[in-house]
Amino acid sequence: MRKLLQGLRQFQDSHFPKRQELFERLANDQKPIVLFITCSDSRIIPSLITQTDVGDIFTIRNVGNIIPPYGSSNGGEGAAIEYAIQALGIDQVIVCGHSNCGAMKGLLKIDYLEEEMPLVYEWLKHAESTRRLVKDNYQHCGGEDLLGITTAENVLTQIDNLQTYPIVHSRSRQGSLKIYGWIYDIESGEVLAYDSESHAFLPIHNLSLSEYQSAFQATSPLPIACQVSAPIAKSEAPNHTPWLSTSQSERILRGSNGSNNSN
Ligand SMILES: [Zn+2]
């Protein structure tokens, strides 16, 4: 608590006076530019990784960045979605998973959770479609690969769930709401975004806004769709090691293709 109190004092003495005009402007109104849905994990700070300001991001956070399907839960997620879109006029939504997610690890050990953390177990039932899809289609993967795949597939599952909300369904059909799927890699700071053309998560680093908007809008994700880190040309590759290696991602893609063929 001492750390928090020191920080609070520093905020009031130093940071607040410098930005007082902004805080006064925000006191009676907010006009956030995006609804950002992510995990409760302490390592994910949306305004830090996107370098946005106070008032820019309307946030929903919970264990596993989960959106319970419409009508399945009386939690606050539905209310926050409706308020963000209807009252605040937000027209872009990001569902952001992350590397090394404890909720996704739990989803892969669901029997253990039922015994040890029954409330988390109950909550993760909203990600049962993710668990089932991964179990049925990625038997050839394990360890870190499987965790990455589960994280990626869960982002897509939750985008599907998001689209069960009447206001999201309606605005998406109008073309006035854009939904994006992201995965944030804690170690490298890299963000991968879902590309509905290639059904892959690709690095978005160094793309212009128009390139990003044309490439990464995830309006209708396929159920099986993961190449977590695409093989990219060497000249375009980020300086750090990609989250998953090329050989790993090719293995994932083969799994996806095989499953699609059987559909
Ligand atoms: Zn998490």
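Above this text is the structure in question.
Fair warning: this is a prediction, and the values are worked out from it, not measured in the lab.

## Side note on the coordination of the zinc ion
Surrounding the zinc ion are the protein donor atoms Cys39 (SG), His98 (NE2) and Cys101 (SG), which sit 2.1 to 2.2 Å from the metal. Positions of the donor residues of the zinc ion along the chain correspond to the pattern C-x58-H-x2-C.

## Details of the pattern of salt bridges
What the rule picks out here adds up to six salt bridges. One salt bridge in this structure joins Arg43 and Asp41, with 2.6 Å as the shortest N-O distance. Note on Arg43: relative accessible area 37%, which makes it partly exposed. Here Asp41 falls in the buried class, since its relative accessible area comes to 14%.

## Quick look at the pairing of strand E3 (residues 92–98)
When you tally the buried positions in E3, you get six out of seven residues, the bulk of the element. The pairing of strand E1 (residues 34–39) with E3 spans four bridges and is parallel. Across the sheet, residue Phe36 finds its bridge partner in E3, namely Ile94.

## Some remarks on the state of the cysteines
On inspection of all chains with the given rule, the structure shows zero disulfides. Its sulfur unpaired, Cys96 is 9.6 Å from the next cysteine sulfur, which belongs to Cys39.

## Details of helix H8 (residues 128–137)
For H8, the full list of buried residues reads Thr130, Arg131, Leu133, Val134 and Asn137. Projected down its long axis, H8 carries its buried residues within an arc of 170°, all on one side.

Rules used throughout
- Numbering of residues begins from 1 in every chain and follows the order in which that chain's sequence is written.
- Reporting in this predicted model follows two pLDDT cut-offs: at least 70 for local features of residues, and 80 or more for side-chain atom pairs to be given and counted; totals over whole chains, interfaces and linings ignore these cut-offs and use all residues.
- Where side-chain values are given, they derive from all heavy atoms of the structure, hydrogens and water being excluded.
- Here a donor is an N, O or S atom found within 2.8 Å of the metal, or within 3.2 Å if the metal is Na, K or Ca; sites may look incomplete because water is not among the atoms.
- Throughout this description, the term salt bridge denotes a Lys or Arg side-chain nitrogen within 4 Å of a carboxyl oxygen of Asp or Glu.
- Exposure categories follow from relative accessible area, calculated using a 1.4 Å probe and restricted to protein chains: below 20% of the type maximum is buried, above 50% is exposed, and the middle band is partly exposed.
- Counting from the N terminus, the helices are the DSSP runs of H or I reaching at least four residues and the strands are the DSSP runs of E reaching at least two.
- Pairing between strands is defined by DSSP: at least two bridges between them are needed.
- The definition used for a disulfide is geometric: two cysteine sulfur atoms within 2.5 Å.
- Note that the arc is computed from the directions linking the helix axis to the C-beta atoms.

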